Amino acid sequence: MSTEAAAGTPKSEGWEPNILAFCCNWCSYAGADLAGVSRFQYPPTVKVLRVMCSSRVEPAFILKALKDGADGVLVAGCHIGDCHYIDGNKNAEVRINNTKKALEKLGFDKRLRLEWISASEGLRFSEVIRNFTEEIKKLGQNPVKKPQINADERRLDTSDISVNMRSIANVQGSEVK
Amino acid sequence: MSNVQSCYQCGKCTSICPMRRVSKTSPRSSIYNANIYGFETQDIWTCLTCGLCPQECPQQVDFLSFIREERQGKQPLAIAHLGVFTELAELSSRLNGNIAEKSGDSKIGFFPGCVDSLDLFLHDVKTNFGEITTSSVRLLDKLGMKPQVLNMKCCGHDVLWQGKKDVFNGLKEYNKKYIQESGIDTLVTSCAECYRTFSKDYDLGIKVIHTSQLWDKLGLKINQDVTYHDPCRLGRHMGEYDAPRKALTANGVTLKEMEHSKEKALCCGVSNFMNCNEQTKALRIARMNEAEATGAKTLITTCSKCLAHFNCLKNEKDAVKKYDFDVVDLSVFLARQLEAGK
Ligand code: SF4
Ligand code: SF4
Ligand code: FES
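As the structure is a prediction and not an experimental result, all values here were calculated from the model.

Things to note about the packing of aromatic side chains
All names here are of chain B.
- Applying the stated criterion across every chain yields a total of 11 aromatic pairs over all chains.
- With a centroid separation of 5.6 Å and 45 degrees between ring planes, the pair formed by Phe63 and Phe66 is classed as tilted. On the criterion of helical spacing, the pair formed by Phe63 and Phe66 is a turn pair, its members being three residues apart in helix α6 (residues 63-71). Each member of the pair, Phe63 as well as Phe66, carries the same accessibility label: buried.
- Seen in terms of ring centroids, Phe85 and Phe121 are 6.0 Å apart; in terms of plane orientation they differ by 75 degrees. Their pairing is edge-to-face. With a gap of 36 residues between them, Phe85 in helix α7 (residues 84-93) and Phe121 in helix α8 (residues 115-121) connect regions that are remote in the sequence. For the pair Phe85 and Phe121, a shared accessibility class is recorded, and that class is buried.
- Among the aromatic residues, those joined into a ring-pair cluster are Phe111, Phe168, Phe198 and Tyr202.
- Just above the ring of Trp161 sits the side chain of Arg68; from NZ or CZ to the centre is 4.9 Å.
- A cation over an aromatic ring shows up here: Arg233 above the ring of Trp161, its NZ or CZ 4.7 Å from the ring centre.

Take a look at the structure:
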């Protein structure tokens, strides 16, 4: 079912994709760092979020990002066999593939990507980002409608913010007080 | 509005509440706090919405509506599996969807529910949820019914009971339109929660049937002992206790009832994916022990969530206790017997 086509994909002028990248601490985050210090160019479309391992990324995080309007989600981890926690990335692969299947029904599967990027692959990191950005540009903006908040039905409107805070804090391993 | 004002604080509800056995949950005091002080208590979230307490209430307080209203717009205490199913439902409610797609002109529509996403996100429960759909379609075929399979969005049961009515309304609007355009006059579903939601929370104006209400006409000859768990949505919420039992006995099965059954059935512990913790696990163990005590080789249920929760306990890695009976969905059980008998 091509949901997005039905939604009449909005392609506004001057729009830049907004991509959320989960990078594992031991490889991909270091790879992103290397891309920076080596001055490899890549578009400023990506917000990098460091996680300890690619298997830390729950399907719920990905769905939440897409629901809240992210145009793409990238999950990057160590190459198979190199995971700091032995086989975390194998688990991540199963999970991300399942999430992709769930997204397929909504026509969203191309907005999620799983890549293996090692600490020495700064160039590859920049290529992945460039490539993904191009693909998202072709797909166009995320067609989710912003929810209409009805004062009666959502008395506590700050709820979403606290969830964001908490889930982000969880990702970083600290606690919200 | 629920008639919660007529509560006279007798406490009968608290004394029957299954959560009360394992935690400090009190339906009585949650009414008191909400009514007298306008307080919010955690108890509105620990309630399983199992429907046991309204049965006992001398004042016929509609406790379930009260809980649902109290939850609206508030931040849930916890949602199991990090809310992945809620996120998925919310994401799909914010998309347009494609109504024009149709699979046939049959007057009967079959809705499989969320078995696909259960398969994808609960893969370590070691249960084939998709088999519920294939089995149901197989059995419908045996009865000469050729339904069109409805490719709708989630029915919205979980988000409704989690206090997200705006999301529910979005899903409902889409699904109602889908059902209207499909031109069906009977909606068949294999899930107890979908059955409750389409019957009571949608005003569809067409017939809604749970698959268990059809299977008594299958004419199978099964020589086996089983026990049956009443899901709260099919049993206490919809009052359907007999159809699944008839579906079993009419096909030759010997039914061994558990200590608590029908109106008194114990809860699986995790309705609408709200509470999965040490306390609700204790409830699941209690229920599985009852099933074990009947000596039956199979525990049958008619709700995909109950199935998931029992199998999760049964297939636990370092389980303290091993249960040597199978937990299967009614349609799956019958379809397997049909295949075996051929
Ligand atoms: S049983 Fe009914 S009247 Fe008694 S405390 Fe509970 S809700 Fe109130
Ligand atoms: S609905 Fe069930 S869990 Fe909730 S308060 Fe009543 S008896 Fe307890
Ligand atoms: S530590 Fe990099 S994927 Fe596990």
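On we go.
So, the nonpolar core
- Formed by 103 residues in total, the largest nonpolar core has its most connected members in Phe22 and Val75 of chain A together with Phe198, Trp215, Phe333 and Leu334 of chain B.
- A domain-level breakdown of this core finds at least three residues from each of domain 2 (81-211) and domain 3 (215-340) of chain B.
- In terms of nonpolar packing, the next biggest core, distinct from the first, is built from 15 residues, Val46, Phe125, Ile129 and Phe132 of chain A among them.

Describing the domain arrangement of chain B
All names here are of chain B.
- As assigned here, chain B comprises domain 1 (4-71), domain 2 (81-211) and domain 3 (215-340).
- Here the C-alpha centroids of domain 1 and domain 3 sit 27 Å apart.
- Across the contact, 17 residues belong to domain 1 and 19 residues belong to domain 3.
- Of the charged contacts, one joins Glu56 and Lys264 as a salt bridge, the two residues approaching to 3.8 Å between their closest N and O atoms.
- Of all the secondary-structure elements, those providing two or more residues to the side of domain 1 that touches domain 3 are α2 (18-22), α4 (43-46), α5 (52-56) and α6.

Calculation notes
- Residues numbered from 1 in each chain as written.
- Chains lettered and ligands numbered in written order.
- Predicted model: local features only at pLDDT ≥ 70, side-chain atom pairs only at ≥ 80, totals over all residues.
- Heavy atoms only, no water.
- Phe/Tyr/Trp six-rings, centres within 6.5 Å; stacked < 30°, edge-to-face > 60°.
- Helix = DSSP H or I, 4+ residues; strand = E, 2+ residues; numbered from the N terminus.
- Buried < 20%, exposed > 50% of the residue type's maximum accessible area, 1.4 Å probe, protein only.
- Lys NZ or Arg CZ within 6 Å of the ring centre and 35° of its normal.
- Core = buried A, V, L, I, M, F, W, Y, C linked by side-chain atoms within 4.5 Å.
- Domains from an automatic or database assignment.
- Contact = heavy atoms within 4.5 Å.
- Salt bridge = Lys/Arg side-chain N within 4 Å of Asp/Glu carboxyl O.

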